[in-house]
Number of protein chains: 2
Amino acid sequence: MKRIAIDMDDVLAETSIKIIDQINSRLNKSYSHDELLKDNSLKMAFYQDYQSNNQFLWEPGFFLDIAVKDDAVEVVKQLQKKYEVFIVSAATEFPESMKEKLVWLEQHFPFIGWQHTVFCGHKHMIQADYLIDDHEKNLITFSGKPILYSALHNLHIQDYERVNNWKEVAHMFI
Amino acid sequence: MKRIAIDMDDVLAETSIKIIDQINSRLNKSYSHDELLKDNSLKMAFYQDYQSNNQFLWEPGFFLDIAVKDDAVEVVKQLQKKYEVFIVSAATEFPESMKEKLVWLEQHFPFIGWQHTVFCGHKHMIQADYLIDDHEKNLITFSGKPILYSALHNLHIQDYERVNNWKEVAHMFI
């Protein structure tokens, strides 16, 4: 059975949406995800705000209530019938996040289980046939087939097979 | 640079010693590690007590104050000069443990860092040249060279190269 490793933030979870909400409420701004997608200078301004004000990532609770990506639950459930599915999340930078991510997975993806969940720093020691991830730093060192999941911060990257949503993941694998 | 994956419980940390202490204080027993090593029927009685009374593994604080194995800090520091060292701990079964294990590693092995720390369920997706672990279930599926670190529960296992302490690890690798 082939093995698929799946990232959490901005792949299973709408993490960027929550980050935008946090920046808006903390800095009294009004960024919207759709506008950031279209307007590059707005995106640069947003990332500048984010880099200087991202302490909320370390605060208890941040990772608990992030929305699930459309169709992710149904497609991962389907993938599990044909593949060994692992969730692999770069989480050890955020000590509070790991318990919260386990709770979140148990709530939305109870069919995965702690046995198939990995929290790490670097991902280059992960052995799998496929990795679906939004960060080039994780894909570039991956020894299997890397698949880029589209996110606000990776739209300029050309070097990977790309999926834009979970319907496209289903089309690719099922 | 070759990669060594190193387990935490009963490899870096004296977890069995703390478990024996917990069983003794909770069940009013007087097991000692040295006696358990020598007396097989005593060991079986101990494991029966442990199987029925191990809820402390899920309680906050359990993984915070475990003693470090003799020579582990110095040898891991030496290994880092010649190898890429990753700590790989089966921890997702115990949601409270991950933050505590990060704190413990930062306290005793600050030179490792969250980037080289992995918390997982199954370990069979870990890609490394060596795995030092006390559990056969982790070694048996490992694609690199497995090395069994001696512990109370694995003394009967014959199928792996074995190390009994960190001096022997140093002798093997450095």
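Given the structure is predicted, the values throughout are model-derived calculations rather than measurements.

S.K.: Where do I start with the relation of the copies chain B and chain A in this structure?
M.R.: For the pair of chain copies, the relating operation is a rotation around an axis with a shift along it. With an RMSD of 0.0 Å, the operation that places chain B on chain A is a rotation of 180 degrees combined with a shift of 0.0 Å along the axis. Interpreted geometrically, this transformation is the action of a two-fold axis.

S.K.: I'm lost on the UniProt feature "active site" (unreviewed entry) in chain A in this one. Help?
M.R.: Residues and elements named next belong to chain A. Residues annotated by UniProt as "active site" (unreviewed entry) correspond here to D7 and D9. The exposure class of D7 is buried, given its relative accessible area of 5%. In this view, D7 contacts L12, V88, S89, K123, I132, D133 and D134; residues no more than four positions away in its chain are not counted. In this structure the side chain of D7 is engaged in a polar contact, spanning 3.0 Å, whose partner is the side chain of K123. Structurally, the position occupied by D9 is in the loop between β1 (3-6) and α1 (15-27). Once residues within four sequence positions are removed from consideration, D9 is found in contact with T15, F63, I66, S89, K101 and D134.

S.K.: Is there a simple way to explain the packing of helix α4 (residues 72-82) of chain A against helix α7 (residues 166-173) of chain A in this structure?
M.R.: Relative orientation and spacing of two packed helices are given, respectively, by the angle between their axes and the distance between those axes. All names here are of chain A. Between α4 and α7, whose axes approach to 9 Å, the crossing angle comes to 15 degrees. With respect to α7, the axis of α4 lies roughly parallel. The element α4 and its partner α7 pack so that their crossing is left-handed. Packed against α4, whose contacting residues are A72, V75, V76, L79 and K82, the element α7 presents W166, V169, A170 and F173 at the interface.

S.K.: I'm lost on the sheet that holds strand β5 (residues 145-149) of chain A in this one. Help?
M.R.: Backbone-to-backbone hydrogen bonds join strands into a sheet, with any given pair of strands oriented parallel or antiparallel. If you trace the twelve strands from one edge of the open sheet to the other, you get β6(A)-β5(A)-β4(A)-β1(A)-β2(A)-β3(A)-β3(B)-β2(B)-β1(B)-β4(B)-β5(B)-β6(B), paired in mixed fashion. Where the open sheet ends on each side, the last strands, each with one partner, are β6 (161-163) of chain A together with β6 (161-163) of chain B. The average undirected angle you get between the axes of adjacent strands in this sheet is 25 degrees. Pairing geometry for strand β4 (residues 130-133) of chain B and strand β5 (residues 145-149) of chain B, over four bridges, is parallel. Within β5 of chain B, the position partnered with I132 of chain B by the bridge is I147 of chain B. Sheet strands in contact with α7 of chain A are β1, β4 (130-133), β5 and β6 of chain A, and its direction is about 130 degrees off that of β6 of chain A. Across the sheet, helix α7 (residues 166-173) of chain B is in contact with β1 (3-6), β4, β5 and β6 of chain B; its angle to β6 of chain B comes to roughly 130 degrees.

S.K.: Which parts of the structure should I look at to understand the pattern of salt bridges?
M.R.: If charged atoms from side chains of opposite charge come close, those side chains can pair. Within the structure shown, the criterion is met by 22 salt bridges over all chains. A salt bridge links R26 of chain B to E59 of chain B, with the nearest nitrogen and oxygen atoms 2.9 Å apart. Here R26 of chain B is found in helix α1 (residues 15-27), whereas its partner E59 of chain B is found in the loop between α3 (40-52) and α4 (72-82), with 33 residues between them in sequence. The class of E59 of chain B is partly exposed, set by a relative accessible area of 31%. Members of the salt-bridge network, linked through shared partners, are D7, K123 and D133 of chain A.

S.K.: What should I look at first to understand α1 of chain A in this one?
M.R.: Residue pairs spaced three or four apart in an α-helix point in one direction, given the helix's 3.6 residues per turn. All names here are of chain A. Over its 13 residues, α1 extends 18 Å from the first C-alpha to the last, a length consistent with the 18 Å expected when each residue adds 1.5 Å. For α1, the full list of buried residues reads T15, S16, K18, I19, I20, Q22, I23 and N24. On its buried face, α1 is in contact with α2 (33-38) and α3 (40-52). Among the residues trailing α1, N28 stands out with phi positive, at a value near 55 degrees.

S.K.: What is the right way to read the side chain of E84 of chain A from this model?
M.R.: Inspection of the secondary structure assignment puts E84 of chain A in strand β2 (residues 84-90). Ignoring any residue separated from it by four or fewer positions in sequence, one finds E84 of chain A in contact with M1, K2, R3, I4 and H116 of chain A together with H124 of chain B.

Rules of the game
Residues numbered from 1 in each chain as written. Chains lettered and ligands numbered in written order. Predicted model: local features only at pLDDT ≥ 70, side-chain atom pairs only at ≥ 80, totals over all residues. Heavy atoms only, no water. Least-squares fit on C-alpha atoms with pLDDT ≥ 70 in both. UniProt positions renumbered as here; feature names shortened; annotations may be inferred. Buried < 20%, exposed > 50% of the residue type's maximum accessible area, 1.4 Å probe, protein only. Contact = heavy atoms within 4.5 Å. Polar contact = N/O pair within 3.5 Å; in protein donor to acceptor, adjacent residues only side chain to side chain. Helix = DSSP H or I, 4+ residues; strand = E, 2+ residues; numbered from the N terminus. Axes fitted to C-alpha atoms, helices over the stretch in contact; angles between N-to-C directions. Parallel < 35°, antiparallel > 145°, perpendicular 65-115°, else oblique. Left-handed = near helix turned anticlockwise from the far one by under 90°. Pairing = 2+ DSSP bridges. Salt bridge = Lys/Arg side-chain N within 4 Å of Asp/Glu carboxyl O. Expected span 1.5 Å × (residues − 1).

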